[in-house]
Amino acid sequence: MTPDTFLAVDWGTTSRRVYRIERDGTVAQSALAGPGVRRVAPHGFESELAFLRSTFGDLPMLLAGMVGSNLGWTEVPYVSAPCGIEELAAGAHWVEPGRTAIMPGVCQALPGRADVMRGEEVQFLGAVVAGLVPRDAIVCQPGTHSKWATLAQGRLVTFATTMTGEIYALLRGGSVLAEMVAGPVTAGAAFLEGVARSRDGALATQLFEIRAAALLGVRPGFDHSSYLSGLLIGHEVRSQGRCDTDDIFVLAEPALGELYIAAISACGRGSRLIGSQQAFVAGSARAWSLLA
C-alpha cells in the first residue's frame, strides 16, 4: 500500500508546480519550483527529484504532465479515451518502484481527430472528484494548447486541442502584426469586438485586417492586442463550445479564465470558472490512493 502523504508534481514543458498533500487530503505546501522538462539536463531528473525532496520533504512522488512524454524523463504510454481516474492510475509507471510514479496521459485516435494530452486529464477528472463539475459536463482548460473535454458519468469521453495560445504568442512575437499587438490584454470593448468578429469566420483574412486598419489609421489608439485575443478565443469557443449542458466549465486561473468567461458569454453560452490547482490536487490524491 502506498504511503498517505506524498508530493504531487504538475510538471509541464516550461514550468512545474509541487504540492505536498497530507494524508487527510489537505495541501500543506505548494509552490512553483524549478524548471519545466525542456530545461532539465539529460539524465538530470534524478537530481531534480532530490532537490524537490530536500525542499518539500523526503516523500514519495506522483508526477504528471510532460515529464512522462518523449521530451521528459521517460515516455509513459497513453491511456485511450474514454477513461476514468482508475484507468489513469492503472497506467501509471513507476520510475522508482514504490517511490516515484508518472501518470500516463490520454490519447484518442478517431478518424481525422487524433489528439493527446498529458497533465490536463488529472485536472479534468480531478474536477469531478472534487465536486467542482458535474459528472456530465463540458470543461475547457485554456492555455498554450487549450483543451476542451466532454465528461460523461464522471469519465473523460472525448477531447479536442486548440493551439490558440501558441498562435497568439507567435503572432505577437514574429509576425507582421507584432508591433501592433504588443500591449496587455483585457476583456474590454476591443476584446469583445474581436469575439463578435469571429462570428464571420475567415480567420486568416481577419488577422490581416488588423494590420491594414493600423496602416490606414482607421482606428487610432485602438487596443489591437485585446482585439486579437478576442478574435482567436472567439474562434476557439465557436468551434468547440457546442454542447447540450447548461454551462461550460472553465478550468483556469483567474486572469486567463476571465477572458474565456467573457468570450463564452458573448457567444451566448453560460460558463463557470473553477480552480485548476484544486482540481489537480483532487485528481492526484484520488489516483495516489489507487496505486498499489
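All values derive from a computational prediction rather than experimental measurement. (Residues numbered from 1 in each chain as written. Predicted model: local features only at pLDDT ≥ 70, side-chain atom pairs only at ≥ 80, totals over all residues. Heavy atoms only, no water.)

### As for the pairing of strand β1 (residues 6-11)
- Of all the six residues making up β1, five are buried; the element is thus mostly covered by neighbouring parts of the structure.
- Sheet analysis places β1 next to strand β2 (residues 15-21), joined by six bridges and oriented antiparallel. Bridge pairing in β2 places Asp 10 opposite Arg 17.
- Once β1 ends, the chain turns through three residues before running back antiparallel as β2.
- Bridge analysis of β1 against strand β4 (residues 61-65) gives five bridges, and the strand direction is parallel. Bridging across to β4, Val 9 finds its partner in Leu 63. (Buried < 20%, exposed > 50% of the residue type's maximum accessible area, 1.4 Å probe, protein only. Helix = DSSP H or I, 4+ residues; strand = E, 2+ residues; numbered from the N terminus. Pairing = 2+ DSSP bridges.)

### Describing the environment of Val 9
- Mapping Val 9 onto the fold places it in strand β1.
- A relative accessible area of 0% means that Val 9 is categorised as buried.
- Spatially, the C-alpha atom of Val 9 lies 49 Å from that of Gly 217, the residues being 208 residues apart in sequence.
- Residues contacting Val 9, with those up to four places away along its chain left out, are Arg 16, Arg 17, Val 18, Leu 52, Met 61, Leu 62, Leu 63, Ala 64 and Phe 280. (Contact = heavy atoms within 4.5 Å.)

### Quick notes on the packing of aromatic side chains
- Per the stated rule, a full pass over the model turns up six aromatic pairs.
- For the ring pair Tyr 19 and Phe 280, a centre distance of 5.5 Å and an interplane angle of 40° mean the geometry is tilted. You can see Tyr 19 sitting in strand β2 and its partner Phe 280 sitting in helix α9 (residues 276-290), a full 261 residues away along the chain. Across this residue pair, the class does not change: Tyr 19 and Phe 280 are buried.
- Ring plane angle 5° and centroid distance 5.9 Å describe the contact between Phe 45 and Trp 73, whose orientation is recorded as stacked. One end of the pair, Phe 45, is in helix α1 (residues 45-56); the other, Trp 73, is in the loop between β4 and β5 (79-80), and 28 residues separate them in sequence. Trp 73 shares its class with Phe 45; the two are buried.
- Among the aromatic residues, ring-to-ring pairing joins Phe 6, Trp 94 and Trp 288 into one connected group.
- Directly above the ring of Tyr 227 sits Arg 219, whose terminal nitrogen or CZ lies 5.1 Å from the centroid. (Phe/Tyr/Trp six-rings, centres within 6.5 Å; stacked < 30°, edge-to-face > 60°. Lys NZ or Arg CZ within 6 Å of the ring centre and 35° of its normal.)

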